[in-house]
Amino acid sequence: MSLLVVGLSHRSAPVSVLERAALSMDAQIKLLQDTVAAEPATEAAVLATCNRIELYADVDKFHAGVAELSTLLTQHSGVGLDELTPYLYVHYEDRAVHHLFSVACGLDSMVVGEGQILGQIKDSLAKAQELHSAGRLLNDLFQQALRVGKRAHSETGIDRAGQSLVTFGLEQLAEGTDVTAWARGKKALVIGAGSMSSLAAATLARAGVAEIVIANRTHDRAERLAEILNTADDTDVLARAVPMDSVPVELTRADVAVSCTGATGLVLTAEEIAAAVEGRTGRPVAFDEEGGSGRTADKAPAPRTNADSADVRQTPLPPTSVGTDENCPLDLAAVQGGFSVHGEAAVAGMDAATLEQHAAWAAGSAVDRREAARRSPEADAELITALAATVATVGRIPERRKPEPVVEVPRPAPVLSLLDLAMPRDIDAAAHRLAGVRLVDIESLAEASATGSDQHTSSAAPMAADVDQVRHIVSDEVAAFGAALRAAHITPTVVALRTMAADVVANEIARLEGRLPALDDKHRSEITQTVRRVVDKLLHAPTVRVKQLAAEPGGAGYADALRTLFDLDQETVASVSRAEDSTEKNRGPR
């Protein structure tokens with residue numbers, strides 16, 4: 001087995017990096033195609049969710065495989081290798097199997113135990129099968145991961161303790177209130193009709209919202225989801241579908257909105273959200289200094305565009321001092337970003353001669369400014385005399401008073417609650433600072449999960465016993481998978497050995513017929529069966545035993561020993577392996 005996984009997740013990378021590295025469906029398809037076309041890899045599968053991007057491959061060389069997979073990830077994500085590398089993790093062979101099985105069980109999820117990941121693993125396998133990039137190894141691996149995940153949820157309490165990301169997000173919006181009590185009677189808007197949006201709609205319906213409006217770019221999918229909600233036996237919610245251009249109007253009616261689309265740009269800007277709240281309340285909406293999530297949001301972010309969705313929104317800088325200094329040798333018009341000409345960033349990319357001129361000019365200017373700012377000896381003497389007089393009077397040098405703590409004005413209850421489960425984000429982060437709006441997104445969910453927020457319910461932290469039990473299941477399944485894989489590895493050699501034995505029998509029977517042409521059919525058949533039984537009995541014990549030994553750790557060498565002892569043709573063994581892999585790789589989704 002040469003299974004390799006290279007990836008990044010919420011555990012290894014900040015949400016801002018994950019957001020920029022997110023892969024569209026087209027990018028995932030191209031990544032798979034380029035991976036199997038690369039020299040070290042023969043199979044490939046991509047697991048891309050809102051909080052992880054992982055590339056699985058069967059490689060023939062470890063170091064070359066790591067380099068190639070890392071490079072491909074950076075090329076298709078659009079994030080530079082130098083920037084992405086610190087956040088990448090690598091798992092190989094048994095550790096890679098252990099990682100995927102843990103992911104399937106929800107042990108590596110943002111909310112431990114959530115079951116949504118199983119559907120995402122299934123979709124990942126189906127995509128690889130459809131593109132014929134998954135062969136025997138990845139087909140077996142992902143199908144076994146699905147079985148392990150289902151076993152963990154059925155045999156332990158992690159299924160009851162764990163939550164979906166949707167439920168966790170709604171708990172954050174409810175701010176410690178019971179979600180059912182918080183949601184009862186509310187009007188909800190769900191943007192998107194994919195798996196996560198469908199889960200959000202179903203969760204809101206079960207929580208007791210009065211109405212759910214589904215908006216999706218493909219209107220048929222929105223109508224289908226609305227019909228499912230309307231006909232569900234366990235809810236009495238009223239659901240309807242609307243086109244995407246109705247979202248601004250529907251937002252003015254909604255109490256809560258959930259968005260999870262595959263859009264490359266923002267679906268809801270801060271201005272649109274402010275207009276919706278103003279339309280609902282009839283009052284202008286102001287920006288607070290800090291967002292309702294308890295963290296400072298980016299101020300005045302620029303909207304993300306489809307052409308440049310990976311860029312991080314930057315805070316506009318104050319007016320630059322470039323152009324205000326005389327005799328500066330730099331081409332000030334070429335300096336971008338609003339940096340002072342004294343800053344290092346301003347001179348990046350300049351040729352050596354210009355840099356030297358700038359250094360001399362800046363050094364002289366800095367000296368002049370320091371000299372101008374320096375106090376005179378007479379002024380220093382006056383200051384020392386004044387301080388000495390103060391010490392003689394009060395017995396100490398006076399300290400500056402620390403400012404009194406600012407009393408925070410309680411933030412009013414939100415008029416509109418927003419849950420953004422998309423990666424990259426659908427909702428402008430500046431909405432954190434809108435008065436009357438509470439926004440929970442992947443970043444704030446990651447912070448809440450990492451800090452063990454008090455808003456977590458007891459179900460958000462599975463009991464340690466359940467987690468330990470799942471870990472034991474994962475360990476046992478990894479061992480079983482490795483044994484089966486090692487046993488399967490020797491199968492082509494055993495098949496080649498039996499093929500060689502069958503050829504020997506056929507040749508010897510043909511030779512016997514040449515020497516005994518008068519042999520009747522009855523005796524010829526009896527002799528043939530006897531010779532075959534003898535060969536089968538001689539081969540039975542060693543082939544069964546070699547499969548058992550090969551299944552044990554370190555048993556890969558038995559296949560080589562068998563080929564050497566019986567002088568098997570390596571090409572014959574390889575052809576058997578290729579035939580099996582071709583059959584597995586061309587198998588359709590199951």
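Residues numbered from 1 in each chain as written. Predicted model: local features only at pLDDT ≥ 70, side-chain atom pairs only at ≥ 80, totals over all residues. Heavy atoms only, no water.

Any chance you could explain the side chain of S9 here in plain terms?
Within the secondary structure, S9 sits in strand β1 (residues 3-9). We classify S9 as buried; its relative accessible area is 2%. (Helix = DSSP H or I, 4+ residues; strand = E, 2+ residues; numbered from the N terminus. Buried < 20%, exposed > 50% of the residue type's maximum accessible area, 1.4 Å probe, protein only.)

Please clarify how the packing of helix α7 (residues 136-155) against helix α18 (residues 464-515) should be interpreted in this entry.
Helix-helix packing is characterised by the crossing angle of the two axes and by the distance between the axes. Between α7 and α18, whose axes approach to 10 Å, the crossing angle comes to 155°. Between α7 and α18, the angle falls in the class roughly antiparallel. At the point where α7 passes α18, the crossing takes the right-handed sense. Contacts between α7 and α18 involve L137, D140, L141, Q144, V148, R151, A152 and E155 on the former and, on the latter, Q469, V470, I473, E477, F481 and L485. (Axes fitted to C-alpha atoms, helices over the stretch in contact; angles between N-to-C directions. Parallel < 35°, antiparallel > 145°, perpendicular 65-115°, else oblique. Left-handed = near helix turned anticlockwise from the far one by under 90°. Contact = heavy atoms within 4.5 Å.)

Looking at this model, I keep getting lost on unusual backbone geometry. Mind explaining?
Excluding glycine, residues mostly carry a negative phi; peptide bonds, for their part, are mostly trans. Here the bond from M423 into P424 is cis, since omega is 5°, no more than 30 degrees from zero. Inspection of the secondary structure assignment puts P424 in the loop between β9 (416-420) and β10 (437-441). Of note, E93 is a non-glycine position whose phi angle comes to about 50°, a positive value. Position of E93 relative to the elements: it lies in the loop between β4 (89-92) and α5 (94-104). Its relative accessible area of 30% is what places E93 among the partly exposed residues.

What's the story with the pairing of strand β6 (residues 211-215) in this structure? I'm lost.
Here is the key point about a regular strand: its side chains alternate between the two faces of the sheet. Most of β6 sits inside the fold, with 5 of its 5 residues counted as buried. Of the two faces of β6, the one lined by E211, V213 and A215 and the one lined by I212 and I214 are each fully buried. Bridge count between strand β5 (residues 187-191) and β6: 5 bridges; the pairing is parallel. Across the sheet, residue I191 finds its bridge partner in β6, namely A215. With helix α11 (residues 195-207) bridging β5 and its parallel neighbour β6, the resulting β-α-β unit is right-handed. As judged from the 5 bridges shared by β6 and strand β7 (residues 238-242), these two strands associate in the parallel manner. Bridge pairing links A215 to V242 in β7. (Pairing = 2+ DSSP bridges. Right-handed = clockwise from strand over helix to strand, strands pointing away.)

How should I be thinking about the sheet that holds strand β3 (residues 52-59) in this particular structure?
Two modes of strand pairing occur in sheets, parallel and antiparallel, and in both the strands are linked by backbone hydrogen bonds. An order of β2-β3-β1-β4 is seen for the 4 strands of this open sheet, with the pairing classed as antiparallel. Each edge of the open sheet carries a strand with a single partner, namely β2 (41-49) and β4. Between one strand axis and the next, the sheet turns through 15° on average, direction left out of account. As paired elements, β1 and β3 share 7 bridges and run antiparallel to each other. What sits directly across from V6, in β3, is L55. Along the sheet, helix α2 (residues 25-37) contacts β2 and β3; its crossing angle with β2, the most-contacted strand, is approximately 160°. Docked against the sheet, α5 engages β1, β2, β3 and β4, running at close to 115° with respect to β4.

What am I meant to see in the packing of aromatic side chains here?
Each aromatic ring pair is summarised here by two numbers: the centre-to-centre distance and the angle between the ring planes. Under the definition given, this model contains 3 aromatic pairs. Each ring, one from F101 and one from F481, has its centre 6.0 Å from the other, and the planes form 80°; the classification is edge-to-face. Here the residue F101 occupies a position in helix α5, and F481 occupies one in helix α18, the gap between them amounting to 380 residues. In terms of burial, F101 and F481 fall into one category: buried. (Phe/Tyr/Trp six-rings, centres within 6.5 Å; stacked < 30°, edge-to-face > 60°.)

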